[in-house]
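Examination of the molecular architecture
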Amino acid sequence: MVTVTLTVNGQEKTSDCEGRSLLSDFLRDNLNLTGTHVGCDTSQCGACVVHVDGEAVKSCTMFAWEAQGADVATIEGMAEDDGSLGTIQQAFQDHHGLQCGFCTPGMVMSAAALLKKNPDPTEYEIRDYLEGNICRCTGYQNIVHAIQAAAQTMRAAT
Amino acid sequence: MPKDFGFGASSKRREDVRFLTGNGRYTDDINVYGQAYVHFLRSDVAHGTIKSINTERAAAHPAVLRIFTGADFASVGGLPCGWQVTDRFGEPMKEPAHPVLAQGKVRHVGDPIAAIVAESAAEARDAAEMIEVDIEELPAVIDMRAALDGGPLVHDDLETNLCYDWGFIEDNKDEVDAAIKKAPHVTRLDLTNNRLVPNAMEPRVAVGDYNSSNDESILYTTSQNPHVIRLLMGAFVLSIPEHKLRVVAPDVGGGFGSKIFHYAEEAFCTFAARELKRAVKWTASRSESFITDAHGRDHVTTIELALDHDGNFIAIRTSTLANMGAYLSTFSTSVPTWLHGTLMAGNYVTPLIYVNVKAVFTNTVPVDAYRGAGRPEATFQLERVIDKAARELGIDPIEIRRRNFIAKDQFPYATPVALEYDTGDYHATMDKLEEIADLKGFDNRLAQSKSKGKLRGLGLNCYIEACGLAPSNLVGQLGARAGLYESATLRVNATGSVTVMTGSHSHGQGHETTFPQVVSEMLGIAEDQINLQHGDTANTPMGMGTYGSRSIAVGGSAILRATEKIIAKAKKIAAHLMEASADDVEFSDGTFRVAGTDKEVAWADVCLAAYVPHNYPLTELEPGLEETAFYDPANFTYPAGAYACEVEVDPETGKVDICSFAAADDFGRIVNPMVVDGQVHGGIAQGIGQAMLESAIYDEDGQLLSGSYMDYAMPRADDLPSMVVDHSCQTPCTHNPLGVKGCGEAGAIGSPPAIVNAVIDALSRGGYSHVDHIDMPLSPHRVWEAIQT
């Protein structure tokens, strides 16, 4: 067993896990942050995307102990302080960018990472960036619309 | 002006808030105190005899609670098939046993041999590696023709790999044969409808729990229809009566058909929890999903279309081999028959049709319904052969379709394949398609593509589907072993809010928003005063679940009926409060009024009176305001439409780019246009996936080569075009009270032929007119090869 201490959504957390535990398992099983989903076992689907030290990471691609001391952000930390939906989350609801909701946490976390790097992405750039996030429900069309709308809102606010 | 609430409004989905904040509660998010974990040891060969299973070392693992093998299930029932098909000769289909854990033989890669229950999932996996299984490998049969042509028997006791040889309508066969023989023109096409893996993003999960204090079993499972699972598992597998078995399907991360069926893992977890007096949890890995979730499609077909010289259809004859896999999954047998053969008339007047289907056992994962289920297979062959015929006869592909359309004034229209279409207007949807796809601008776009050295093509097709499954008395005659009604309970609370309980299940469709829209419209109260409960056999009435685009047509109609009962009773209460006759009471916008007077009473006051009956007609009416309705549809519904696709083909590499996709659908009346757009987008994406990317490929030994997301090409964001969808053509369904038809499967049914037609068109225009068909998926390699030959 290893003891892992990290910061998740601004709060420091410590828990023991097996050395082979993945970060995705640690978040779900040890910290009960079940918003991070696991949709595959080959690091393809992107349902488990979180931010580790500001970078979008598929949390199934690293061991929990590799996140020792890291600053992790998950879908549970994306809402505003008053509990209302954040800009990207709100855009996903407004534009029907989700159906079953399973890929959605990873999509939102990837979208946030994209917009941090590129505040005004083209449709092509959005589709290209989302290549590592699979959605089976939406055909991606309204996800693209949602991200474009969120980008516009975020640009207008700065 | 668009409405902002009620029927027809694009209300934002209330369920989104929990999904967007990580607060969804999917089955894998459910953990029961003290739960153990199961790992299934699965066959890695496609066919073999189990000589021995040595669990001694594994059982000694300190974390292992118990190891189960087939011997533990020798006296437990097998997984039942829900639909008995009768063959051409009046004989019932061959129905092999489908054990929970393999009994003596394994029949596909992924067949479960042993189940290891341990304190953690990781330790269960560790222990599984210590089990020694001696399997004598037998030759496997993967190809359907080989299976019928003396190949190894999947089930020795059946003495054949033929499940059934179905003819539809058998009495018409000779007439169809004769008509085709003497027809002026016959177009023939051999094609494959490629095998697909449904791949809902949430892998399947089951948590079995047992409450020894009241002898109740609880199963949490990733299901589209918890009541159906309770029925099948309770009655046929584990012999647990309904009142001792609760099945919960909480948030479910997509289904597309694959989560209709009753699977072995559900029965195992429920069984093991009773044995161990501890909850037992199973979470599929994606690799496991690929080799255990029922696959879809997998038909090999020859279709012949007979026409006169003017392109009028005379007769259709089609012959299909349909892969069942190694066992009969829950609804597998109905898919190539009643959900496929009955759709062969399409949108057209064709006097004579004969459909033959041979269902075949092979050493592969069972095949069952996947979004569209039989209807995509019917549409694909029909719309491909029509395009080929148009080319052969030199008739424009739109013109040949229009020439044969069932005209608006012919409805209700009885097809020669047993359906009666209630409404439709196929010229209208084609007109709309021509507009939204900007077909007038095609020549310009063709020239632009040409200037870049690309071959451009335009493909289109129509589709019709039979949805809203299904009239129980009809499907009973056809072999269904269940009724296909739906039920709803409306519980009006004392303060006027409403809880709607439905047997339909939402796993992405947005029912929690759209069903309250219907009730809101009828009661005139705000949508947020109405809450939908679904997915739990303990607190919803008996229901048949969600598949076959049935939820709004059947489940929604049950909700409408229950709401009507509520209104009828509430009027009587209101009449008492206003000292009037119930016949004189009118109800609108949440207020009861006595006609012709200024007397009125508000909805909330009537609700309160029902639960605090101090001033109440107690001698005539029971207190309370709660009603249940069952709705059994009188007919299927018939959504229909026309789809167009434009592609560019690179003749150097064979790579196909989808430039545009347009869909004009007629879904009848629409509750929430935003949700319908999303359903069509998703369906088309799966159709594009089938046409361009996806294929479940087995090698000759029965190993699934495309068994992960590294190998199975799921459509990604950059594989798909921006789609134009329109559902303004609306011919309301005539036999359900909402006038709705259903929209969930249309995109997946209607899109594959448009894409293949477009590629063939591009090749033809580019000088490769010798290519009259390419099987899906249209990979660069296949297209390039077709160009070269």
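Predicted, not measured: the structure shown is a model, and the values here were computed from it.

Topic: the pattern of salt bridges
All names here are of chain B. Applying the stated rule across the entire model yields 54 salt bridges over all chains. The partner of Arg375 in a salt bridge is Glu745, and the shortest N-O contact between them spans 2.8 Å. In this pair, Arg375 is assigned in helix H9 (residues 375-393) and Glu745 in the loop between strand E28 (723-726) and helix H18 (746-750), connecting sequence segments 370 residues apart. A relative accessible area of 7% places Glu745 in the buried class. In this structure, a network of salt bridges that share partners links the residues Asp438, Arg445, Lys452, Arg456, Glu646 and Glu648.

Focus: the side chain of B:Asn635
Residue and element names in this part refer to chain B. As for its placement among the helices and strands, Asn635 is situated in the loop between strand E25 (626-631) and strand E26 (640-649). In terms of polar contacts, Asn635 uses its side chain to reach the side chain of Tyr638, at 3.0 Å. What Asn635 contacts, discounting residues up to four positions off in sequence, is Glu420, Gly468, Pro471 and His735.

Focus on the interface of chain A and chain B
In this complex, chain A contributes 44 residues to the contact, which on the side of chain B involves 53 residues. For the pairing of chain A and chain B, the buried interface totals around 4100 Å² over both sides, and the portion due to carbon and sulfur atoms is 54%. On the chain A side of the interface with chain B, the three residues burying the most area are A:Gln93, A:His96 and A:Arg136, jointly 19% of the side's total. Inspection of the region where chain A meets chain B yields four salt bridges. Summed over the shared surface of chain A and chain B, the result is 27 residue pairs in polar contact (both at pLDDT 80 or more). Within the residue set of the side of chain A that touches chain B, elements represented by two or more residues are helix H2 (87-94), helix H3 (104-117), helix H4 (123-129) and helix H5 (141-157) of chain A. In terms of residue count, H2(A) provides more of the side of chain A that touches chain B than any other element does, four residues in total. Across the side of chain A that touches chain B, the residue classes break down as 16 nonpolar, 17 polar and 11 charged.

Points about the domain arrangement of chain A
Residues and elements named next belong to chain A. Once the domains are mapped, chain A shows domain 1 (2-77) and domain 2 (87-157). Taking the mean C-alpha position of each, domain 1 and domain 2 sit 21 Å from one another. In this complex, domain 1 contributes 18 residues to the contact, which on the side of domain 2 involves 17 residues. At the boundary of domain 1 with domain 2, total buried surface from both sides reaches about 1200 Å², with 61% on carbon and sulfur atoms. When residues of domain 1 are sorted by the area they lose upon contact with domain 2, His37, His51 and Ile75 head the list and together hold 38% of the total. Where domain 1 meets domain 2, there are zero salt bridges. Connecting domain 1 to domain 2 are six residue pairs in polar contact (both at pLDDT 80 or more). For the side of domain 1 that touches domain 2, the elements supplying multiple residues, two or more each, are strand E3 (49-52) and strand E4 (55-58). Across the side of domain 1 that touches domain 2, the residue classes break down as eight nonpolar, eight polar and two charged.

Here's the deal with the nonpolar core
Counting 188 residues, the largest nonpolar core has A:Phe92 and B:Tyr421 as its most contacted members. Looking at this core, the element that brings in the most residues is helix H19 (residues 752-765) of chain B, giving eight residues. The contacts of A:Phe92, once residues within four sequence positions are left out, are A:Gly97, A:Leu98, A:Met107, A:Val108, A:Ile143, A:Ala146, A:Ile147 and B:Leu20. Among the nonpolar cores identified, the runner-up in size contains 45 residues, and B:Ile530, B:Leu560, B:Val671 and B:Val740 belong to it.

Quick notes on the packing of aromatic side chains
On inspection of all chains with the given rule, the structure shows 28 aromatic pairs over all chains. Between the aromatic rings of A:Phe102 and B:Tyr26, the centroid separation amounts to 5.4 Å while the plane-to-plane angle is 90°, which identifies the pairing as edge-to-face. In this pair, A:Phe102 sits in the loop between H2 and H3 while B:Tyr26 sits in the loop between helix H1 (16-20) and strand E1 (36-42), so the two residues belong to two different chains. By the burial criterion, A:Phe102 is buried, and B:Tyr26 matches it. Ring centres of B:Phe331 and B:Tyr547 lie 6.2 Å apart, and the angle between their planes is 35°; on these two criteria the pair is classed as tilted. Note that B:Phe331 is positioned in the loop between strand E14 (313-325) and strand E15 (352-361) and B:Tyr547 in the loop between strand E21 (530-533) and helix H15 (551-577), a separation of 216 residues in sequence. The two residues B:Phe331 and B:Tyr547 agree in class, both being buried. Grouped by ring-pair contacts, the aromatic residues B:Phe40, B:Phe68, B:Phe73, B:Phe268, B:Phe271 and B:Trp282 constitute a single cluster. Here B:Arg204 stacks its cationic end above the ring of B:Tyr263, 3.5 Å away from the centre of that ring. Over the ring of B:Phe7 we find B:Arg669; its NZ or CZ atom is 4.1 Å from the centre of that ring.

Calculation notes
Residues numbered from 1 in each chain as written. Chains lettered and ligands numbered in written order. Predicted model: local features only at pLDDT ≥ 70, side-chain atom pairs only at ≥ 80, totals over all residues. Heavy atoms only, no water. Salt bridge = Lys/Arg side-chain N within 4 Å of Asp/Glu carboxyl O. Helix = DSSP H or I, 4+ residues; strand = E, 2+ residues; numbered from the N terminus. Buried < 20%, exposed > 50% of the residue type's maximum accessible area, 1.4 Å probe, protein only. Polar contact = N/O pair within 3.5 Å; in protein donor to acceptor, adjacent residues only side chain to side chain. Contact = heavy atoms within 4.5 Å. Buried area = accessible area lost by both parts, 1.4 Å probe. Nonpolar A, V, L, I, M, F, W, Y, C, P; charged D, E, K, R; others polar. Domains from an automatic or database assignment. Core = buried A, V, L, I, M, F, W, Y, C linked by side-chain atoms within 4.5 Å. Phe/Tyr/Trp six-rings, centres within 6.5 Å; stacked < 30°, edge-to-face > 60°. Lys NZ or Arg CZ within 6 Å of the ring centre and 35° of its normal.

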